[in-house]
Structures are given as C-alpha cells and as structure tokens.
Amino acid sequence: MNQSPILDVQNLTVHYGGAPAPSVQDVSFQLGRERLGIVGESGSGKSTVGRALMRLLPSARVTADRMQFEDVDLLGASERKMLAVRGARMSMILQDPKFSLNPIRRCGDQVAEAYRTHVRASKAEARAKAIAMLDAVQIREPERVYDLYPHEVSGGMGQRIMIAMMLLTSPDLVIADEPTSALDVTVRLQVLKILDDLVREQGIGLIMISHDLNLVRNFCDRVLIMYAGRVVEALNAADLDKAQHPYTRGLLAAQPRIGGSRQPLPVLARDPSWTQPQGAAL
Amino acid sequence: MKPVVIQDMTIRFGGTTVLNDVSLSVASGECFGLVGESGSGKSTILRCASMLYKGWTGDVLIGGQSVRSMDPMERCRVLQMVFQDPYGSLHPRHSVRTVLAEPLRIHGIGEQEARMRQALIDVGLPVEFLDRYPHQLSGGQRQRVAIARALILEPDVLFLDEPTSALDVSVQAEILNLLQRLRDEKGFTYLMVSHDLAVIDHMCDRFAVMKTGDIVEVLPRDAILDGTAKAPYAQELIGASLTYEQAAM
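Residues numbered from 1 in each chain as written. Chains lettered and ligands numbered in written order. Predicted model: local features only at pLDDT ≥ 70, side-chain atom pairs only at ≥ 80, totals over all residues. Heavy atoms only, no water.

### Remarks on the overall build of chain B
(1) Moving on: Looking only at helices and strands, chain B has nine helices and ten strands in total.
(2) Moving on: A globule of 249 residues ought to have a C-alpha radius of gyration of about 18 Å, and chain B, at 18 Å, matches this closely.
(3) Moving on: Across its three principal directions, the C-alpha atoms of chain B cover 50 × 45 × 35 Å.
(4) Moving on: Evaluated residue by residue, chain B yields a buried proportion of 55% over its 249 residues.
(5) Moving on: For chain B, long-range pairs separated by at least 24 residues make up 65% of all intrachain contacts whose partners lie at least 6 apart in sequence.
(6) Moving on: Split by element, the accessible area of chain B, about 10100 Å² in all, is 49% carbon and sulfur.
(7) Moving on: Of the side-chain charges in chain B, 24 are positive and 31 negative, and the distance between the mean point of each set is 7 Å. (Helix = DSSP H or I, 4+ residues; strand = E, 2+ residues; numbered from the N terminus. Rg over C-alpha atoms; globule rule 2.2 N^0.38 Å. Buried < 20%, exposed > 50% of the residue type's maximum accessible area, 1.4 Å probe, protein only. Contact = heavy atoms within 4.5 Å. Areas by Shrake-Rupley, 256 points an atom, 1.4 Å probe, with all protein chains shown as cover. Lys, Arg positive; Asp, Glu negative; His and termini not counted. Charge placed at Lys NZ, Arg CZ, Asp CG, Glu CD.)

### Regarding the packing of helix 7 (residues 155-167) of chain A against helix 8 (residues 185-202) of chain A
Residue and element names in this part refer to chain A.
(1) Moving on: For the pair helix 7 and helix 8, interaxial distance at closest approach is 10 Å and the crossing angle is 10 degrees. If you check the angle between helix 7 and helix 8, you find them roughly parallel. Taken as a pair, helix 7 and helix 8 cross one another with a handedness that is right-handed. From helix 7, Gly 156, Gln 159, Arg 160, Ile 163 and Leu 167 reach across to helix 8, where they touch Val 187, Gln 190, Val 191, Ile 194, Leu 195, Leu 198 and Gln 202.
(2) Moving on: A class-by-class count of the residues in the contact of helix 7 with helix 8 yields seven nonpolar, four polar and one charged. (Axes fitted to C-alpha atoms, helices over the stretch in contact; angles between N-to-C directions. Parallel < 35°, antiparallel > 145°, perpendicular 65-115°, else oblique. Left-handed = near helix turned anticlockwise from the far one by under 90°. Nonpolar A, V, L, I, M, F, W, Y, C, P; charged D, E, K, R; others polar.)

### Here we look at the nonpolar core
Side chains of nonpolar character tend, in soluble globular proteins, to be buried together.
(1) Moving on: Counting 65 residues, the largest nonpolar core has Ile161(A), Ile163(A), Met208(A), Ile225(A) and Tyr247(A) as its most contacted members.
(2) Moving on: Sorting elements by how many residues they give to this core places helix 8 of chain A first, with nine residues.
(3) Moving on: Those residues within four positions of Ile163(A) in sequence are excluded, and the remaining contacts are Ile93(A), Val137(A), Val191(A), Leu195(A) and Leu198(A).
(4) Moving on: Counting 58 residues, the second largest nonpolar core, distinct from the first, contains Ala119(B), Tyr190(B), Leu197(B) and Tyr233(B). (Core = buried A, V, L, I, M, F, W, Y, C linked by side-chain atoms within 4.5 Å.)

### What about the UniProt feature "domain: ABC transporter" (unreviewed entry) in chain A?
(1) Moving on: This chain's UniProt record puts "domain: ABC transporter" (unreviewed entry) on residues 7-253 of chain A.
(2) Moving on: Taken as a whole, residues 7-253 of chain A contains 39% helix and 24% strand, while its terminal C-alpha atoms sit 32 Å from one another. (UniProt positions renumbered as here; feature names shortened; annotations may be inferred.)

### Concerning the environment of Arg140(A)
Residue and element names in this part refer to chain A.
(1) Moving on: Checked against the element boundaries, Arg 140 lands in the loop between helix 5 (123-136) and helix 6 (142-146).
(2) Moving on: We classify Arg 140 as exposed; its relative accessible area is 74%.
(3) Moving on: Separated by 112 residues in the primary sequence, Arg 140 and Leu 252 have C-alpha atoms spaced 38 Å apart.

### Things to note about the packing of helix 3 (residues 96-106) of chain B against helix 5 (residues 139-151) of chain B
Residue and element names in this part refer to chain B.
(1) Moving on: At their nearest, the axes of helix 3 and helix 5 sit 9 Å apart, and the two run at 20 degrees to each other. On the basis of their axis angle, the class for helix 3 and helix 5 is roughly parallel. The handedness of the crossing between helix 3 and helix 5 is right-handed. Packed against helix 3, whose contacting residues are Val 96, Val 99 and Leu 100, the element helix 5 presents Val 145, Ala 148 and Arg 149 at the interface.

### With respect to the pairing of strand 8 (residues 173-177) of chain A
All names here are of chain A.
(1) Moving on: In terms of burial, strand 8 is largely enclosed, as five of its five residues are buried.
(2) Moving on: Taken together, the four bridges between strand 7 (residues 90-93) and strand 8 define a ladder with parallel strand orientation. Among the inter-strand pairings, Ser 91 is bridged to a residue of strand 8, identified as Val 174.
(3) Moving on: Pairing analysis gives five bridges linking strand 8 to strand 9 (residues 205-210), with the strands arranged parallel. Across the sheet, residue Ile 175 finds its bridge partner in strand 9, namely Ile 207.
(4) Moving on: Between the parallel elements strand 8 and strand 9, the chain passes through helix 8 in a crossover that is right-handed. (Pairing = 2+ DSSP bridges. Right-handed = clockwise from strand over helix to strand, strands pointing away.)

### Topic: the sheet that holds strand 5 (residues 65-66) of chain B
Residues and elements named next belong to chain B.
(1) Moving on: Across the sheet, four strands lie side by side as 2-1-4-5; this open sheet has antiparallel pairing. Whereas interior strands pair on both sides, the edge strands pair on one side only; in this sheet they are strand 2 (16-26) and strand 5.
(2) Moving on: In this sheet, strand 2 lies alongside strand 1 (residues 4-13) in antiparallel orientation, the contact comprising seven bridges. The partner of Phe 13 across the bridge, within strand 2, is Thr 16.
(3) Moving on: This element, helix 1 (residues 42-49), spans strand 1, strand 2 and strand 4 (56-62) of the sheet and lies at about 110 degrees to strand 1.

### Side note on the sheet that holds strand 8 (residues 189-193) of chain B
Residue and element names in this part refer to chain B.
(1) Moving on: An order of 6-7-8-3-9-10 is seen for the six strands of this open sheet, with the pairing classed as mixed. Both edges of this open sheet fall to strand 6 (79-82) and strand 10 (214-220), since each of them pairs with a single strand only. Within the sheet, the average angular offset between the axes of one strand and its neighbour, ignoring direction, is 20 degrees.
(2) Moving on: In the sheet, strand 7 (residues 157-161) pairs with strand 8 via five bridges, with the strands oriented parallel. Across the sheet, the residue bridging to Asp 161 is Val 193, located in strand 8.
(3) Moving on: Against the sheet, helix 9 (residues 232-245) contacts strand 3 (31-36), strand 9 (206-211) and strand 10, and its axis sits at roughly 110 degrees relative to strand 9.

### Overview of the interface of chain B and chain A
(1) Moving on: Opposite the 38 residues of chain B that make contact, chain A presents 30 residues.
(2) Moving on: Remark: the boundary between chain B and chain A carries zero salt bridges.
(3) Moving on: For the pair chain B and chain A, the interface holds twelve residue pairs in polar contact (both at pLDDT 80 or more).
(4) Moving on: Listed by contribution, the elements that provide at least two residues to the side of chain B that touches chain A are helix 6 (169-186), helix 7 (197-203), helix 8 (223-226) and helix 9 of chain B.
(5) Moving on: Per element, the largest residue contribution to the side of chain B that touches chain A is nine residues, and it comes from helix 9 of chain B.
(6) Moving on: Of the residues assigned to the side of chain B that touches chain A, the class counts are 19 nonpolar, eleven polar and eight charged. (Salt bridge = Lys/Arg side-chain N within 4 Å of Asp/Glu carboxyl O. Polar contact = N/O pair within 3.5 Å; in protein donor to acceptor, adjacent residues only side chain to side chain.)

### Details of the side chain of Arg183(B)
Residues and elements named next belong to chain B.
(1) Moving on: By the element assignment, Arg 183 lies in helix 6.
(2) Moving on: Given the relative accessible area of 17%, Arg 183 is considered buried.
(3) Moving on: Sequence-distant contacts of Arg 183, that is, excluding residues within four places in its chain, are made with Gly 29, Glu 30, Cys 31, Phe 188, Tyr 190, Met 203 and Asp 205.

### A short note on the environment of Leu237(B)
(1) Moving on: Residue position: Leu237(B) is located in helix 9.
(2) Moving on: With a relative accessible area of 7%, Leu237(B) lands in the buried category.
(3) Moving on: The residues contacting Leu237(B), other than those within four sequence positions of it, are Thr186(A), Val35(B), Leu197(B) and Val209(B).

Take a look at the structure:
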C-alpha cells in the first residue's frame with residue numbers, strides 16, 4: 001500500500017428509510033491493491049457497505065466524510081457518471097449465480113453484453129473477448145458454454161461465468177458478496193482459486209464480503225469484523241487467532257472444527273457495549 | 001430409541017435415477033451423517049424415508065417396522081423432520097402456539113398447555129414465546145421452534161436436513177449444542193444431512209459420502225483425519241474440506 005489507495009472511505013453511515021437506527025455506522029477503511037475481507041453475522045451491515053460503495057441504495061440515506069474511489073467522489077458523482085464507473089471500473093459478484101444470471105439469455109451473450117456496454121466493440125470482438133475470458137476462468141470448451149442457458153450450467157460454472165463477466169472490463173475494484181456460499185466445498189476452492197489468481201494477476205483491489213472466517217483467513221490480506229453496523233476490529237488475516245475483541249474471539253470459538261473435542265461449543269455471549277463507537281478505524 | 005435400516009432405496013424422477021439402491025443402517029441412539037455435493041440425493045433419502053415422497057422402491061425399517069406399514073399418525077409419532085431453512089418451514093401467520101398445538105390436537109393428546117411449555121423449555125426458549133409469530137423471532141429462535149415442533153410428539157428418530165446451514169456460526173453453535181443435549185437426554189436416533197464436514201465431525205459417529213445417488217463409502221468419524229477413506233470421491237471431499245480449514249488447524 002505504498003501508492004495511493006484505490007478506495008478511501010471515512011465514516012460511512014447508511015440509514016435505510018423507516019429503520020429506527022442506521023444499518024451501517026461510521027465505517028472507515030482504505031483499500032490498496034490487496035484483498036480485504038469483511039466478516040460478520042447476517043444483519044451486521046457487511047453487504048450494505050458493498051452496495052453503498054456501488055451506489056446501489058437509491059432509497060437509503062448514505063452519508064460519509066469521504067468516499068473516494070480513485071478520482072471519483074462516490075458521494076457526489078452523478079448517476080450518469082456512476083453508469084460509466086459501475087461495471088467498468090468497479091464491479092460486484094453476487095452470491096448466487098442462479099439469481100444473478102438472466103435465465104432466458106445465453107450465458108456467453110450476457111458476458112459479451114457486459115463488455116459492449118463499456119467498450120466500443122463489434123459483436124464478433126465482444127464474442128471473442130467473452131470466450132477468451134471464459135477460458136481464463138477455466139471453463140473447458142468455452143465456445144460450447146457460450147451458447148448454453150443458465151439452467152444448463154452447474155452452480156460452480158455459473159459463478160465462474162459471473163466472475164468472467166465482472167472481470168472482463170478489467171476493473172480496479174471488485175466487490176465479491178458471499179461469492180461461494182451457494183457452492184459445494186469441492187467446487188468452492190476451485191472458484192476461489194480462480195478469483196484469487198485473476199485478482200493477483202491484474203492487480204485488482206478485492207473486497208470479499210463473507211460470514212465465513214475460514215474463507216477470509218485463507219483468501220484475504222486484511223479483515224474487518226463488523227457487528228451491528230460497526231467495525232469492531234480490523235486485523236491482518238494471518239493474525240486472526242490473535243484477535244482481541246470478544247466478538248471476534250466468540251465467532252472463532254463457535255466454529256466447529258474437524259478433529260475437535262466434540263464438547264459443547266462455546267456460545268457467543270453478546271455484550272451491549274459492542275454497539276458503542278470505538279477507535280477501530282484503520 | 002429405535003434403529004433405522006434403509007434397504008435398497010431407489011427413486012426416479014422422470015428418466016433420472018436420483019437414488020440407486022441405497023442401503024444403510026443407523027444404530028439406535030446413533031447420529032449418522034449424510035454428506036455429498038448438491039444434487040447427490042442426501043435430502044431425497046430423508047424425504048423418501050419419511051414418506052414425503054411416495055414413488056420409491058425398497059424399504060425403511062424403524063425399530064424393525066416398515067414405514068410403509070405404519071399409518072401416517074403412527075409414523076409421525078416415530079419420526080420427525082427438521083428442515084433446512086427456518087424462514088421457510090414455519091407458517092408466517094401461525095403463532096408458535098398454533099404451530100405446537102396442531103400436532104397435539106390431531107393426535108388427541110391432552111395437557112396441551114403443559115406439553116407446549118415443556119417443549120419450549122426443552123429447546124431453551126422462554127415460555128412467553130408461545131404467543132409470538134415467526135417474524136418476531138431471530139433465525140436461531142425459529143429453528144428452535146422447528147425443533148420444538150419435531151419434539152412435541154415425542155418421536156424416536158429425528159431427520160435433520162441441514163439444520164444449521166441457513167444460520168450464522170454463532171447461532172449454529174447454539175443449535176448444535178441443543179441437538180447434542182437432546183440426544184443425550186432423550187436418546188434420539190439422528191439421521192443428519194450436511195454439506196459441512198466440520199459439523200458432521202462434531203456431531204456424528206459415522207457418516208456416508210454420497211455422489212450422484214449412490215453411497216460411495218460409509219466412514220467412521222475418525223476417517224476424516226486419519227485418511228482411511230478409499231473411494232476417490234470421499235478422498236476428494238475430505239481433502240477439499242481440510243484444505244478449506246487448513247489455516248484453522
């Protein structure tokens with residue numbers, strides 16, 4: 001992180017209309033060309049952070065002291081400007097390919113469309129690009145898969161198609177929101193490896209949103225732990241075992257382990273003070 | 001406390017054979033796991049054995065009696081099922097009281113109020129929750145209600161279809177502890193589907209690895225770590241799970 005960061009967020013707060021309290025409160029972090037994990041339980045606001053960065057929350061009140069993506073001020077940018085940024089320079093991989101691919105269009109056409117939306121290219125060029133990218137995510141026979149419909153491909157392949165679509169425009173920032181939760185263990189590792197290799201090769205900044213501590217431990221450089229809309233702890237992924245915050249420690253202890261003792265698992269005792277602000281910003 | 005024996009279970013949906021001559025036996029009081037990738041037929045075994053699917057061949061014996069020969073009322077008092085997603089398995093407009101009272105009423109069991117209270121106490125919920133609706137409960141509390149519903153007819157066998165995969169780790173720990181405690185207290189036989197080997201390792205004595213409708217291998221819990229699995233797919237699955245967890249070891 002010697003060069004200037006790709007993304008700089010200071011005190012991001014998101015308040016959904018009708019909700020009594022903000023869903024995300026005072027979240028601050030910087031992202032360089034590295035892999036940042038955001039973990040927390042459901043409802044902790046981790047996906048909301050991702051969506052706020054993509055400006056995909058039109059009805060929520062999003063405030064921040066600073067939300068800068070390279071030269072773009074994400075708070076003040078017009079929607080027209082965002083259309084040029086979203087999908088081209090920053091993109092998002094969603095959880096379940098069953099719901100994020102259009103069921104009535106061929107997979108390859110959807111990948112090519114993502115390319116033609118942002119780059120001036122002929123259909124033939126876009127097709128060639130898409131096939132090359134499908135090949136890069138290790139889909140065998142990319143020409144054949146190009147013409148398949150989403151229901152004809154497996155979950156793992158669908159997610160690789162999504163990754164191809166999102167990386168085709170060479171973005172600088174990719175937000176992966178639970179990219180492998182819907183996949184089997186055997187497939188999960190392959191997909192993560194592919195994503196990881198591409199992110200490293202292209203020097204992309206990656207935000208990995210997940211509830212899975214094992215995943216962020218293995219595939220991220222740094223981790224933010226969120227609880228009730230706040231970042232309670234930030235540490236290097238390798239130091240996860242040395243976590244100080246009782247919430248992080250509780251999450252780690254509650255995870256059953258292969259070869260564990262089979263004693264009752266320690267249950268997380270929640271402390272109301274965890275929702276109070278503290279100096280956990282990076 | 002009854003053993004479960006599945007004999008040559010086969011089911012086809014259209015031209016596809018989903019289960020192909022599956023046989024396994026679970027001792028009484030044992031927790032037996034079923035693992036495998038999605039679409040391998042794990043949940044289908046539970047759904048056939050509980051007669052939620054009818055068009056299968058083969059037989060399932062619970063305590064020596066065939067599930068086919070039991071009438072539905074009797075079957076419900078022998079085996080119960082807990083489903084994967086507590087957001088989908090509870091009726092949104094039925095209060096916890098309605099959910100728990102219905103089986104008691106159908107089976108003509110008295111002392112309803114006392115039994116409902118006991119069921120909630122058994123699963124660790126306050127008795128005031130009887131008058132709550134599902135949207136007033138968290139995911140973990142909902143799954144406890146689903147377990148209470150399964151317990152209220154005092155069955156011998158519980159089928160658990162991914163009981164914690166829709167829940168956070170912290171809540172999963174509570175539910176797994178609850179299931180273990182109930183097995184110790186009431187001597188249930190569990191047949192449990194999961195895609196998470198760490199959960200299987202924590203809960204089960206033995207488990208079967210499934211692939212495309214076949215059981216490729218039945219292994220004791222220790223086989224996960226000592227590498228005695230022989231079937232290539234079982235090795236692959238165990239290998240992938242261990243790699244995934246590696247940094248945690």
